[in-house]
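Reading the structure
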Protein chains: 2
Amino acid sequence: MLTVALYQGPESAGVPANLASIGAAAARAAAAGAQILITPEMSATGYNIGSLIAQLAEPTDGSIFQAVADVARRNGIAVVYGFPESNGDRLPYNSIQVVDGDGKSVTTYRKTHLFGSDRTYFTPGDRWIEQFELDGVRCGLLICYDVEFPENVRAHADSGTELLIVPTGLMDPYGHVATHMVPTRAYESQLFIAYVNRVGTEGELTYCGLSCAIAPDGTELARAGRGEELLVVDIDPGQLAKSRAENTHLDDRRRDLYRSIR
Amino acid sequence: MLTVALYQGPESAGVPANLASIGAAAARAAAAGAQILITPEMSATGYNIGSLIAQLAEPTDGSIFQAVADVARRNGIAVVYGFPESNGDRLPYNSIQVVDGDGKSVTTYRKTHLFGSDRTYFTPGDRWIEQFELDGVRCGLLICYDVEFPENVRAHADSGTELLIVPTGLMDPYGHVATHMVPTRAYESQLFIAYVNRVGTEGELTYCGLSCAIAPDGTELARAGRGEELLVVDIDPGQLAKSRAENTHLDDRRRDLYRSIR
């Protein structure tokens, strides 16, 4: 059994304040028994912050990482956080990094499917399937718009992902992605999804919250409102096996047909 | 502009009564200005009828076809109906046939993705993408469980389908397929979907209705309850172009990545 905390927050307030909020959420999550805290897309810096993206970009062992590693170590909890990852002279990557409870880097994922305005500020990633193991559960990583493509979730299921972790920055009027599409993704590809959104406003964007943890049978384990919130859920790998036995979508694919027009 | 009627019915009552109900729906649909009437999976015969499936199976020019062609001609409206299609000594296909307003067969589609109990009674189809043109709108065909596979809807979008017609026999407790997955399919692959379900009970199955017409931006053009109902909606190809310009999912796919692990 893996206990997962989804931190829907903070409202963007500059790096030091954001890191302090992530630290407070980590303490609450650890106290609730969670082994991992998931925070939204670009949680450390803010997302719709224009040229600040490039200014705040750092390598995977930069000062933001050091601060998050300290939070993780102090609370004995793994943390997933979002940040702009520097990329030489080119635009940074829209990245998330997983830090374990000892403060060590586990893996980094760079958003592969850039959404609209993303393209002004970021370089798309070229490594598709990033995974890591936590307490016997195989976890996979996507960011925001990535999860709108069924191909990405299928590939995770086929690669063994049991819990798909999706930090996001979903804004109005796209709430149906959180309420309709994410449960559909979990059901059609038979895995758990933790979808963790931003809150508040940044410039012309209003984030819609609605973070959720979805079981492989499509049911909601937890659903946030639109404000700052911490959700804590238990992920039971036994529930995955049971759901896959009942909902045989992965086995029922007709790959013979799919290959015919590719 | 194409006007489409979705007939959520009839409750299974034997072939003559079913055909009479389809005839009455066709008259109402034509009076409402519809150019096509869509009826559910196995609308002519019933779906959960055990060995009657094989007994009622017929070729595409059989007596059920003749009766539906007469309905179509009499009302000057195209009709999509479901029936077991005979298949020599093997189990029949779970088929739908499109009949035009002159009573001529346009095309037939055989369900390719068989659901659970389907496999006891049917042979899966081997022709994937079936399409036809109606008043300048390119229509595609799937049946029930087929639409639960994003691959099928993607392939229709890539093949030019603008309106995806999906007769279905969706039962409790799978209502989330109608309310969550079908709108997700329309949005992620940017096309119209007409999803037309059965009603009532047959043996241990209770159909959940909830038929719907969904626009490419994911919004509901119409949504039925759980009882017999006729929905009439206008399909505007201009709305498709507008939605695809705003929601660029089809263009934003990373086929370079998808090919990497296939």
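Presented here is a report on the structure given in the accompanying data block. Just so it is clear, the model here is predicted, and its values are computed rather than measured. (Residues numbered from 1 in each chain as written. Chains lettered and ligands numbered in written order. Predicted model: local features only at pLDDT ≥ 70, side-chain atom pairs only at ≥ 80, totals over all residues. Heavy atoms only, no water.)

So, about the packing of aromatic side chains. Overall, the coordinates contain 10 aromatic pairs over all chains when judged by the stated rule. Relative to B:Tyr258, the ring of A:Trp128 has its centre 5.4 Å away and its plane inclined at 40°; by these criteria the two rings are tilted. With A:Trp128 in the loop between helix H4 (118-121) and strand E6 (130-134) and B:Tyr258 in helix H9 (residues 255-258), the pair connects residues from two separate chains. B:Tyr258 matches A:Trp128 in its accessibility class, with the two residues each being buried. An aromatic cluster of three or more residues is present, and its members are A:Phe115, A:Tyr145, A:Phe149 and A:Tyr174. (Phe/Tyr/Trp six-rings, centres within 6.5 Å; stacked < 30°, edge-to-face > 60°. Helix = DSSP H or I, 4+ residues; strand = E, 2+ residues; numbered from the N terminus. Buried < 20%, exposed > 50% of the residue type's maximum accessible area, 1.4 Å probe, protein only.)

Moving on: the relation of the copies chain B and chain A. After a rotation of 180° and a shift along the axis of 0.0 Å, chain B superposes on chain A with an RMSD of 0.0 Å. Such a combination of turn and shift is consistent with a two-fold rotation axis. Considering only C-alpha atoms, the residue of chain B closest to the rotation axis is B:His180, which sits at 2.4 Å. A share of 100% of interface residues in chain B that are also interface residues in chain A marks the association as one of identical surfaces. (Least-squares fit on C-alpha atoms with pLDDT ≥ 70 in both. Contact = heavy atoms within 4.5 Å.)

Turning our attention to the sheet that holds strand E1 (residues 2-8) of chain A. Residue and element names in this part refer to chain A. Judged by pairing direction, the sheet is mixed, and its six strands sit side by side in the order E5-E4-E3-E2-E1-E14 without closing on themselves. On the outer flanks of this sheet lie strand E5 (105-110) and strand E14 (229-235), each paired with one strand and no other. Averaged over neighbouring strand pairs, the angle between their axes works out to 30° when direction is ignored. Examined bridge by bridge, strand E2 (residues 36-38) and strand E3 (residues 78-87) share three bridges and lie parallel to one another. From the neighbouring strand, Ile 36 faces E3, where its bridge partner is Ala 78. The strands touched by helix H3 (residues 63-75) within the sheet are E3, strand E4 (90-99) and E5, with E3 carrying the most contacts at an inclination of about 175°. (Pairing = 2+ DSSP bridges. Axes fitted to C-alpha atoms, helices over the stretch in contact; angles between N-to-C directions.)

This next bit is on the packing of helix H6 (residues 175-189) of chain A against helix H6 (residues 175-189) of chain B. Where H6(A) contacts H6(B), the two axes come as close as 9 Å, and the packing angle between them is 100°. Considering the angle they form, H6(A) stands roughly perpendicular to H6(B). The residues of H6(B) that touch H6(A), namely those facing A:His176, A:Val177, A:Thr179, A:His180, A:Met181, A:Thr184, A:Arg185, A:Tyr187 and A:Glu188, are B:His176, B:Val177, B:Thr179, B:His180, B:Met181, B:Thr184, B:Arg185, B:Tyr187 and B:Glu188. Taken together, the residues of the contact of H6(A) with H6(B) break down into six nonpolar, eight polar and four charged. (Parallel < 35°, antiparallel > 145°, perpendicular 65-115°, else oblique. Nonpolar A, V, L, I, M, F, W, Y, C, P; charged D, E, K, R; others polar.)

What follows covers the pairing of strand E13 (residues 220-223) of chain A. On a regular strand, each side chain points to the face opposite its neighbour's, so the side chains alternate between the two faces of the sheet. Residue and element names in this part refer to chain A. As paired strands, strand E12 (residues 212-214) and E13 are joined by three bridges and run antiparallel to one another. If you follow Cys 212 over to E13, its bridge partner there is Arg 223. Between E12 and E13, which pair antiparallel one after the other, the connecting turn spans five residues, and Gly 218 there sits at a positive phi close to 90°.

Residues and elements named next belong to chain B. Taken in spatial order, the six strands of this open sheet run E6-E7-E8-E9-E12-E13, and their pairing is mixed. At either margin of the open sheet sits one strand with a lone partner, and together these are strand E6 (130-134) and strand E13 (220-223). Here the strands of the sheet are splayed against their neighbours by 15° on average, with no regard to which way each runs.

One water molecule sets the probe size; rolling that probe over the atoms shows where empty space is left. This model, assessed by the stated rule, comprises three cavities of 30 Å³ or more. One number sums up the size of the largest cavity: a volume of about 90 Å³. Contributing to the lining of the largest cavity are A:Glu41, A:Tyr47, A:Lys111, A:Phe115, A:Cys144, A:Tyr145, A:Glu148, A:Gly169, A:Leu170, A:Met171, A:Tyr174 and B:Tyr187. Taken together, the residues of the lining of the largest cavity sort by class into eight nonpolar, one polar and three charged. (1 Å grid on protein atoms, 1.4 Å probe; cavity = no way out; pocket = protein on both sides within 12 Å on 5 of 7 lines; lining within 4 Å. Points joined across faces, edges and corners; volume = space filled by probe spheres on them.)

Before going further, it helps to spend a moment on the interface of chain B and chain A. One frequently used descriptor of interface size is the decrease in accessible area upon assembly of the parts. If you look at the interface, chain B gives 40 residues, while chain A gives 40 residues. Taken together, both faces of the contact between chain B and chain A bury some 3,200 Å²; the carbon and sulfur share is 57%. Ionic pairing is found between A:Asp252 and B:Arg119, a salt bridge with its closest N-O pair at 3.1 Å. Inspection of the chain B/chain A interface yields 21 residue pairs in polar contact (both at pLDDT 80 or more). When contributions to the side of chain B that touches chain A are tallied by element, the ones reaching two or more residues are helix H5 (150-158), H6, helix H8 (249-252) and H9 of chain B. With nine residues, the single largest contributor to the side of chain B that touches chain A is H6(B). (Buried area = accessible area lost by both parts, 1.4 Å probe. Salt bridge = Lys/Arg side-chain N within 4 Å of Asp/Glu carboxyl O. Polar contact = N/O pair within 3.5 Å; in protein donor to acceptor, adjacent residues only side chain to side chain.)

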